[in-house]
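An overview of the molecular structure
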Amino acid sequence: MQFDAKQKTILADIAKDPSYPRAISELNALYWGIALDGLSDRVRNGEDIAPFLKQEKSFFNSGLVRELREDAADIERKFFEKPELNSPLEIELYTDWILAVVEKIKENDRAQTIMLEIDASKRTLVRLQRDIAAHQEERKDLLVKALGGELDSSTLQCVGSLVETDKRALENLRIKKAISRGVFFPVSERRTFVEKENNLKKEVARYAALVSHIKNDSEKTALRTLCLNISELFETCIEHEEKILKYEAEITALKDKQNALSPLEIQSRVRSEIEYLRDLIRLCAKRLHGESCSVVRKGDVFFTQKEFAQCLDRVLEFDPRIFHNDRVSFQGKPTFLLVPGNGNALFDWKNNRFIVPLIPPGGNFLGSIASAIIEYRIDVDEEKTLVTSYSKLPHLKGVKSILQIRASLTKDYLAWILSESKGFKIMTKETRAWFEHEIAPGKLDIYCPLQYQSFSLSSDDYRKLLADVESRVKNDVNAADSADLWVGSILNYQQGNFERAFECIKTYVDKNTINTFAFYNLGQIAMKVSRKTEAIAGFAEFCKLNPQSWWATVTQDHLRRLQGG
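None of these values were measured; they are calculated from a predicted model.

Within the chain, the secondary structure is distributed over 24 helices and four strands. Considered along the principal axes of its C-alpha atoms, the chain spans approximately 90 × 75 × 55 Å. Split into buried and exposed, the 565 residues of the chain put 47% on the buried side. By element, 51% of the accessible surface of the chain is carried by carbon and sulfur atoms, the whole surface being about 29600 Å².

Spelled out as structure tokens, the structure:
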């Protein structure tokens, strides 16, 4: 990176005193000034920014300035060294992100966002229709039960036609909503609507007369509640239908406008995206009452791509159900963006993305990732089931503040990831039991590597992988490749093929004594197929190789039960 005289003065000041607040502030402004002006000006001029980003990839991606670090070459090598295994989660560097931002703006990312909203509304409609059907069925059963012996043919016909009456009520409600929005209807259609409305009133009156024969007041109240719930669900359905129509019209308008998108508009949107990211990075430092700095100074300890992948794998090892939530079904799994800066990682709900500053406080890499993960867990807990369950723990008795409860959960989550996972019991018995029930891997399940967890593979990819592995292993497990045996044992276990899983893992262990978790899995799978001797042998060997961890504690509990029984 070429610097002018003023920028060189800033670099000289920070080299003299890396902790001087004013110099840190100016250094941070230098990074984001280049990130903003250098890139947005090129976008406005219609230049391809890819060559510039490639040339200065170390500066943009790692905040590396050669004048500040004698070990710059070593930093660059370590930072860009790829992890051994590709993560099933999307991990981006700054240059990847900004190129994608520019491309999306040119292709109109607003249209993509709207499509996601349309998809979410369509999913909601399916759920609402399912709820309506359940309420209708419950109403029918309650009505038949409440009327008892009065079910003559006319009554049965009335009960049976209620669903059709609901359909007509929904259609009439749609027309009323449309009229209230100012939609024009010809006179003939309005007359037809009035006729339908009068017929509907007659059907409703017949139903009301039917309900009047019910003598039990609680049953009458229950029926009124069900009808009210159905009406409210109809209102919600129409709201989502109108939302879909509005979004579809907006997409059409955007397509027309896209052809006239000027370079200045593109530049403005690029600047807005970069400024938004810069402000989030500042927030990461501000949360810890520190000064934000996106350039690596002397003495700074920073994330490499390998270090990040290891930390993420570690968190997912002890919280494997992170992505088992409704939001993933329509927004997808969140992405991870590594950005020069300091502070703990955070979750950007607006973009369904984790922002990870490269310099964690005190070099606590794992703590930085865990801080963002628990923030995500709380954010997607829309029904507040996780927080409500946690708030019932003894040490929170009498605590009403949701902020205080969330702060306590965050603190305990960090303790779970940083200490309890290593076998250091620092939590109370009740808190540990809660984490083992709500967060931890199942004590009766095998260890599953990140790339084979349920969120990592689609159903089609999963079936294809299992078929490929089985086609290579076939009936001769002794001749099979060790890697196929390991994967085959995991996938077959997940399918409930425990005998086949045991055959694969037993042969794998006989061939491979390097993979510690293979012995843990041998113990678990052997228990599933009632092979007590092999289960004890597997667990005992795991404890010998891994004596201090949460897994070891689980293993020792299994051993005590097996040897005692």
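Past the structure itself, the notes keep going.
The next thing to look at is the side chain of E92. Tracing the backbone through its elements, the reader meets E92 in strand β1 (residues 91-93). Buried E92, no salt bridge; nearest opposite-charge side chain is R353, N-O distance 5.6 Å. When near neighbours in sequence (up to four residues on either side) are disregarded, E92 contacts W97, A100, F336, L337 and L338.

Attention now moves to the environment of D481. Tracing the chain through its elements places D481 in the loop between α19 (459-473) and α20 (482-494). Considered as a pair, D481 and K528 are 47 residues apart in the sequence and their alpha carbons are 24 Å apart. For D481, the side chain forms a polar contact with the main-chain nitrogen of A483, separated by 3.0 Å.

The subject of this paragraph is the pattern of salt bridges. The final tally for this structure, using the stated rule, is 38 salt bridges. A salt bridge links D279 to R282; its shortest N-O distance comes to 3.7 Å. Highlighted residues: D279 and R282, both in helix α12 (residues 263-286), separated by three residues, approximately one helical turn. The class of D279 is partly exposed, set by a relative accessible area of 38%.

Turning to the packing of aromatic side chains, a few remarks are in order. All told, the structure shown has 35 aromatic pairs when counted by the stated rule. Centre to centre, the rings of Y94 and W97 are 5.5 Å apart; their planes meet at 50°, and the pair counts as tilted. Of this pair, Y94 and W97 both sit in helix α6 (residues 94-107), three residues apart, which is roughly one turn of the helix. Of the two residues, Y94 and W97, neither departs from the other in class, the shared state being buried.

Among the eight residues of strand β2 (residues 335-342), eight are classified as buried, and the element is accordingly described as predominantly covered. Here β1 pairs with β2 via three bridges, running parallel. Note on β2: the bridge partner recorded for E92 is L337. In this sheet, strand β4 (residues 353-359) lies alongside β2 in parallel orientation, the contact comprising six bridges. Residue pairing in the sheet places L337 in a bridge with I355 of β4.

To continue, consider the pairing of β4. Most of β4 sits out of view: seven of its seven residues are buried. Examined bridge by bridge, strand β3 (residues 346-348) and β4 share three bridges and lie antiparallel to one another. Bridge pairing in β4 links F347 to F354.

Criteria and cut-off values
Residues numbered from 1 in each chain as written. Predicted model: local features only at pLDDT ≥ 70, side-chain atom pairs only at ≥ 80, totals over all residues. Heavy atoms only, no water. Helix = DSSP H or I, 4+ residues; strand = E, 2+ residues; numbered from the N terminus. Buried < 20%, exposed > 50% of the residue type's maximum accessible area, 1.4 Å probe, protein only. Areas by Shrake-Rupley, 256 points an atom, 1.4 Å probe, with all protein chains shown as cover. Lys, Arg positive; Asp, Glu negative; His and termini not counted. Salt bridge = Lys/Arg side-chain N within 4 Å of Asp/Glu carboxyl O. Contact = heavy atoms within 4.5 Å. Polar contact = N/O pair within 3.5 Å; in protein donor to acceptor, adjacent residues only side chain to side chain. Phe/Tyr/Trp six-rings, centres within 6.5 Å; stacked < 30°, edge-to-face > 60°. Pairing = 2+ DSSP bridges.

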